[in-house]
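# A closer look at the structure
Chain residues, written in single-letter form:
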Amino acid sequence: MNREMFLAQSYRDAWSDYDYTCKNHDASRWDWVIITASNTKQAEAYQLQIDKRIKESCLPSNINFVIIPDLNNERIGSGGATLNVLYYLADKLGIENVKKQKILLLHSGGDSKRIPQYSACGKLFAPVPRVLPNGKKATIFDELLISVSGIPARTGAGMLVLPGDTEVLFNPLQLDLAACDAAGLSIKASIESGTEHGVFLQGNESFDKRNKNVSKFLHKQSEVVLRTAGAVDSYDKVDVDTGCIWLGSKIINALLELICINNKLSETTFKKFVNPKVCLSFYADFLYPMADESTLESYYKETPENVFSNELKECRTAIWEKLHTFHLSLVKMLPAEYIHFGMTHEMYDLLVHDIPKYYSLGWNKRILTNAVSGTVINSYVDESTVLLEDCFIEDCVIGKNCHIGSGSILSGIEIDNIEVPQNIVLHALKLNNSKYVCRIYGRNDNPKSSKTDTFLQSSLVRLMEKNGLDNSDLWDTPAASIWNAKIYCECDTLKESINMALCLYRIMNETASIEEFNKWKACVHYSLKDSFGEADVSAILKRQDDIEQLVRIKKCILSLDGNKPMINAISELGTPIAPDMFKSLLEYASISSFPLNMRIYLLLSTLCKQLNHTISGLNFINLEDKSYEIIRNEIIKATMEKHSFLFKQAKFVHEQVTCQLPVRVNFCGSPSDAAPYCLEHGGTMLDGALLLKGKLPVSVTVKHLEKPVVVFESIDQGEIVEISEISCIRNCNNLFDKFSLHKAVLVACGLIPTLDNGQSLQDICKIIGGGLKISTSVDVPKGSGLGTSSIIAAACIKALNQILNQDVSDECIYSQVFLAEQLMLTGGGWQDQVGGLKKGLKYFTSKPGLYQKIGVEYLDLEKNVFEELNQRFALIFSGQRRLARNVLHEEMNQCIRNDAEAMKSISKIREYCALMKYNLEKGDVTAFAHYITKQFELVKCLDKGASNTCIEYIFNVCDDLIDGKSICGAGGGGFLQVILKKGITKEQLKIRIEEEFSDCGVEVWDCQLI
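Since we're looking at a predicted model, the values are computed, not measured. (Residues numbered from 1 in each chain as written. Predicted model: local features only at pLDDT ≥ 70, side-chain atom pairs only at ≥ 80, totals over all residues. Heavy atoms only, no water.)

## Some details on the pattern of salt bridges
Scanning the entire structure with this criterion turns up 51 salt bridges. When the shortest N-O distance is used, the salt bridge between Lys743 and Asp737 registers 2.7 Å. On the accessibility criterion, Lys743 (6% relative accessible area) is buried. Several salt bridges share partner residues, and in doing so they unite Lys52, Glu56, Lys136 and Asp545 into one network. (Salt bridge = Lys/Arg side-chain N within 4 Å of Asp/Glu carboxyl O. Buried < 20%, exposed > 50% of the residue type's maximum accessible area, 1.4 Å probe, protein only.)

Listed below in structure tokens is the structure:
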């Protein structure tokens, strides 16, 4: 295993540890995770982001998460902040109990001056370009918490201190901290890297014999100094200080003693160490005394966080007495990786150029975005925008026709039709007064530098000289830097603030007009410092969430529109799904066209069913119905456009027309003929026409009536009804209506309009010359699976069109029956009417399209082959009734969801159709039979309800007699079809079935392929 693989696996292991900690209360964990902040406002910003994670169940539930701001909102240094944390814990738990705690301390109390875009929300919560396994976008905080989640199980009480701007990748199995007073965690790095960071110089062997002690600290020293000091090993590597420090319970006790008198907290003593003037440094003031080569005199000279003072010297004397007897162990983590989010240009290089180095860790240039170029995190980018690969975009909405300059960074903005200059940072903030400020500066500018240093390719001194400004126009204090220069305009809208920031860019580049300069000068101005101090963090975080929701919805829609599996689209939404996202998806569905709207409604139905949720009063059933309503309406439109009822030529040309038809057996192809699958992919079927008990089992008669009414008669059910109201006929989707089919054919052929156009039934009867009666008779059990309802509809439409002088072509009948099935909400396809309208074995196909034009090819079989097939083909009635709609809906739902396995199965079934046709035409009935069984197995994969225990038992009873088996139609009951072994007779099958199922309704039916 190489280094990259080791770190990648360690990364995954860290997540497993973290996930285990989240889900198991008994897991070893940190007792406290404490984040330091520079002031109460920054603390509130951190708390909002922690609370969000807690609400979304993304943090372990029984860890205490606390944000502690610097005392009195004054900078007290990282050392002062550490004592402030210990004071808080001792006050809350008692001094002795603090020593028993496992504490993770994240120092994040800086203003982020070197990366101002993270000042308001904290660099600790700056993005890391990967999506966590829980679907959330990662930040430095998340990565730090995950990376150290395995440490509590490997150590006792103490405190692990981490910097808030660094990600360290390592394996906790490398650490053994239990015997260490304190430990500095280091990684091996190049000399070049060592000159830019702190380096540990190793000294004597530690007490536990496992590590060496730190003898000296070398901070950003030259290569010569590092080599002279002996910090460079034989491989030209140094031990880089990662900033990760372990303090054992003895050190914790020593630090507590600094702020206690007689083992009790002393506020007076505490304030002696924790104040802005002393401003203790965690690294310079607490760690230095523990280095082997440290001396008190050199300690006094260590560069302070503030200034040298007598008060600082007094504190350092006391700290030395407490800590210099302890040793700081040098713990080397190998292999390990140290990723520092430093200045803006360093972060830019990391996130734009260096991401490929971390692909194995799941890093990606595009996270939560629809963008196809650039490094983009949590942003929507319109496809018309020009975004180069070397740009970095976060928390933005980039609208139409924008051009983002090379090398630029955009954060928190929303733009349309704007050209952004190259190599700049553009970052917008909403203020507490509900106004906006957009800050702009060069990507390589250092905001901590003075007014004479480079700013937007010029300088602030040049700005003053060129425009007659003085210091008082830009600064309130003598310390004039880019950080506190009041140059950014307060504006009423985000759009205006962005325009004014670009105006400032033109002013700095001396291309602005006098009017633009005067407009800029007249504004209320903020500095980088002031604007972050006045930032409305809750509004900023809400906007980030809103953008995330927008992006997730867009990605979900793109996934659906790209025919990706619906499960992928759902995963794009993340968890939990905000209520507003449901409403947005519903709005998208209402304005989208087929098939996207169909998929959105079914996606919403799926989610509502899973989450027991409703949207605008719609439950999962209502939403699924809307999906199929869309399918139905598209078929209605396509069919009516192609085959409208021609009232001009409509008249009774016969007094009575009778149509008799066979039923059909579907050998293979279902459900490829059903909508919406066939509309998007076309269909392929192999069917045969059947006589039952030696006769055509479907019969329909249409008669002319003088009375302007419609009469429906079902002879086999003994039912008859006379209708005079047109609305009663139009209502043809009641599954419990005995005459829903009769009604549907009148609507499908166009005689009865689908929508109310003001015509009455009497008006229509007057046009065509009278009323009519439709009588149907069928000698087949209900729910047979032999396509009976569609074939009855085909017979009705053929007779109806014939008697009224309309189109009686096969194509017209196929289409109108297909429409009738949709109107009845049964969801049936087109195979039944095609299979039953004409005699013979037929292979038929359709191409994708809302209008399904069926190509029919009759199989040209040798006479002996056809006779053999007839001898070996048998129907067994299962004694069970099934409703095709239920089975088809489940199968079609999988197609709408683009379920990968379902789509693969249907594609394979269609292939089997061609192979079965091939085998029949070459005379191999046995091979044909084997494919029948194969397609049956695939159908069962599509829908578990296609078969059941009773059906499988029937097949099992006659297994030794048959070569092929399947259900008829959608399955779940009705007829079963078998191909007998060569030499086995139907009589033998009949005897076997009677022996096992005597008088139970299971029987072999007399049938004949014609």
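Text resumes after the structure shown.
## Side note on the packing of aromatic side chains
Scanning all chains against the criterion turns up 25 aromatic pairs. Centre to centre, the rings of Tyr46 and Phe125 are 5.6 Å apart; their planes meet at 45°, and the pair counts as tilted. Here Phe125 lies in the loop between strand 3 (102–107) and strand 4 (127–131) and Tyr46 lies in helix 2 (residues 40–55), a separation of 79 residues in the sequence. We note that Tyr46, like Phe125, is buried. On the numbers, 5.7 Å between centres and 80° between planes, the contact of Tyr953 with Phe997 is edge-to-face. Here Tyr953, found in helix 35 (residues 949–957), pairs with Phe997, found in helix 36 (residues 986–997); they are 44 residues apart in sequence, far enough to count as distant. Take Tyr953: its relative accessible area is 38%, and that puts it in the partly exposed class. For Phe997, a relative accessible area of 9% corresponds to the buried category. Grouping aromatic residues by their ring pairs yields a cluster made of Phe200, Phe217, Tyr288, Tyr299 and Trp320. Sitting over the ring of Tyr300, Lys313 keeps its end group 4.9 Å from the ring centre. Looking at Lys917, its charged tip hangs above the ring of Tyr843, at a distance of 5.6 Å from the centre. (Phe/Tyr/Trp six-rings, centres within 6.5 Å; stacked < 30°, edge-to-face > 60°. Helix = DSSP H or I, 4+ residues; strand = E, 2+ residues; numbered from the N terminus. Lys NZ or Arg CZ within 6 Å of the ring centre and 35° of its normal.)

## Structural notes on a positive patch on the surface
There is a patch of like positive charges on the surface, built from Lys113, Lys220, Lys448 and Lys529. Tracing the chain through its elements places Lys113 in the loop between strand 3 and strand 4. For Lys113, a relative accessible area of 31% gives the class partly exposed. (Patch = residues over 30% accessible without salt bridge, like charges linked within 9 Å, V, L, I, M, F, W, Y side chains within 5 Å. Areas by Shrake-Rupley, 256 points an atom, 1.4 Å probe, with all protein chains shown as cover. Lys, Arg positive; Asp, Glu negative; His and termini not counted. Charge placed at Lys NZ, Arg CZ, Asp CG, Glu CD.)

## Describing the UniProt feature "domain: GHMP kinase N-terminal" (unreviewed entry) in the chain
Here, UniProt's "domain: GHMP kinase N-terminal" (unreviewed entry) annotation points to residues 766–834. End C-alpha atoms of residues 766–834 are separated by 33 Å, and the span's content is 54% helix alongside 12% strand. (UniProt positions renumbered as here; feature names shortened; annotations may be inferred.)

## Notes on the side chain of Arg664
Examined against the element boundaries, Arg664 turns out to sit in strand 32 (residues 663–668). Within the structure, the side chain of Arg664 is placed 3.5 Å from the side chain of Asn666, a separation counted as a polar contact. A polar side-chain atom of Arg664 sits 3.4 Å from a polar atom in the side chain of Gln831. Among residues more than four places away in sequence, those in contact with Arg664 are Asp687, Gly688, Ala689, Gly785, Leu786, Gly787, Ile791, Gln831, Asp832, Gly835, Gly836 and Gly969. (Polar contact = N/O pair within 3.5 Å; in protein donor to acceptor, adjacent residues only side chain to side chain. Contact = heavy atoms within 4.5 Å.)

## Focus on the packing of helix 26 (residues 740–748) against helix 28 (residues 788–803)
Helix 28 packs onto helix 26 with a crossing angle of 45° between their chain directions and a minimal axis gap of 10 Å. Looking at the two axes, helix 26 sits oblique to helix 28. For the element pair helix 26 and helix 28, the recorded crossing hand is right-handed. For the pair helix 26 and helix 28, the contacting residues are Leu741, Val745 and Leu746 in the first and Ser789, Ile792, Ala793, Cys796, Ile797 and Leu800 in the second. The residue makeup of the contact of helix 26 with helix 28, split by class, is eight nonpolar, one polar and no charged. (Axes fitted to C-alpha atoms, helices over the stretch in contact; angles between N-to-C directions. Parallel < 35°, antiparallel > 145°, perpendicular 65-115°, else oblique. Left-handed = near helix turned anticlockwise from the far one by under 90°. Nonpolar A, V, L, I, M, F, W, Y, C, P; charged D, E, K, R; others polar.)

## Quick look at the environment of Leu528
Following the sequence through the fold, Leu528 ends up in helix 18 (residues 528–533). Of the residues examined, Leu528 reaches a relative accessible area of 0% and is grouped as buried. As for Leu528 and Ala501, which are separated by 27 residues in sequence, their C-alpha atoms are 12 Å apart.

## Things to note about the sheet that holds strand 35 (residues 710–714)
Ordered by their spatial adjacency, five strands build an open sheet running 31-34-37-35-36, and the pairing between neighbours is mixed. Across the chains shown, the open sheet's two edge strands, defined by having one partner strand only, are strand 31 (656–661) and strand 36 (719–723). When the angles between neighbouring strand axes are averaged without regard to direction, this sheet yields 10°. Strand direction decides the pairing type here: strand 35 and strand 37 (residues 771–778), joined by five bridges, are parallel. The residue of strand 37 that forms the bridge with Val710 is Leu772. The strands that helix 28 touches are strand 31, strand 34 (698–705) and strand 37; relative to strand 34, the one it contacts most, it runs at about 35°. (Pairing = 2+ DSSP bridges.)

## Quick word on the sheet that holds strand 18 (residues 386–387)
The strand order 18-21-24 describes an open sheet built from three strands, whose pairing is parallel. With one partner strand each, in any of the chains shown, strand 18 and strand 24 (419–420) form the two edges of the open sheet.

## Description of the nonpolar core
Across soluble globular proteins, nonpolar side chains have a tendency to be buried as a group. One finds Leu603, Phe667, Leu746, Leu772, Leu875, Ile876 and Leu989 to be the most contacted residues of the largest nonpolar core, which totals 161 residues. The biggest single contributor to this core is helix 28, with 10 residues. Not counting the four nearest positions on each side in its chain, Leu989 is found in contact with Ala874, Ile876, Cys958, Leu961, Val978, Leu980 and Val1004. In terms of nonpolar packing, the next biggest core, distinct from the first, is built from 138 residues, Ala14, Ile418, Val437 and Trp483 among them. (Core = buried A, V, L, I, M, F, W, Y, C linked by side-chain atoms within 4.5 Å.)

## Observations concerning a negative patch on the surface
A grouping of Glu987, Glu994, Glu995, Glu996, Asp999 and Glu1003 is seen on the molecular surface, where their side chains present a negatively charged patch. If one sorts the elements of the negative patch by residue count, helix 36 sits on top with four residues. Summarising the element assignment, Glu996 is placed in helix 36.

## Thoughts on the pairing of strand 41 (residues 962–967)
Here strand 41 lies mainly inside the structure; six of its six residues are buried. Bridging between strand 41 and strand 42 (residues 975–980) involves five bridges; their strand directions are antiparallel. If you follow Ile967 over to strand 42, its bridge partner there is Leu976.

## Observations regarding the pairing of strand 35
Most of strand 35 sits out of view: four of its five residues are buried. Note: strand 35 against strand 36, five bridges, orientation antiparallel. Directly across from Val711, in strand 36, lies its bridge partner Glu722.

## Side note on helix 21 (residues 579–591)
Compared with the 18 Å implied by 1.5 Å per residue over 13 residues, the 19 Å span of helix 21 between its first and last C-alpha is a close match. Buried residues belonging to helix 21 abut helix 19 (537–561), helix 22 (596–611) and helix 23 (620–642). (Expected span 1.5 Å × (residues − 1).)

## Some words on the side chain of His742
The residue His742 is located in helix 26 in this model. Classification of His742 as buried rests on a relative accessible area of 4%. Of note is the side chain of His742, whose polar atom sits 3.0 Å from the side chain of Thr776.

## Description of the environment of Phe620
Structurally, Phe620 can be placed in helix 23. By relative accessible area, Phe620 is classed as partly exposed at 28%. As for Phe620 and Thr606, which are separated by 14 residues in sequence, their C-alpha atoms are 6.7 Å apart. Apart from residues no more than four positions distant in its own chain, Phe620 is found in contact with Ser605, Cys608 and Lys609.

## Re unusual backbone geometry
Of note, the bond from Leu334 into Pro335 is cis; its omega dihedral lies within 30 degrees of zero at -15°. Residue Pro676 is reached from Ala675 by a cis peptide bond, and omega for that bond is 15°. Residue placement: Pro676 occurs in the loop between strand 32 and helix 24 (677–681). In this model, Leu368 sits at a positive phi of 50°, which is unusual for a non-glycine residue. Inspection of the secondary structure puts Leu368 in strand 16 (residues 366–369).

## What about the environment of Thr452?
When you line up the elements, Thr452 lands in the loop between strand 26 (436–442) and strand 27 (454–455). In this structure the C-alpha to C-alpha distance between Thr452 and Asp70, which are 382 residues apart in sequence, comes to 32 Å. Dropping the residues within four chain positions of it, Thr452 is found in contact with Ser459 and Val461. There is a polar contact of 2.9 Å between the side chain of Thr452 and the side chain of Ser450.

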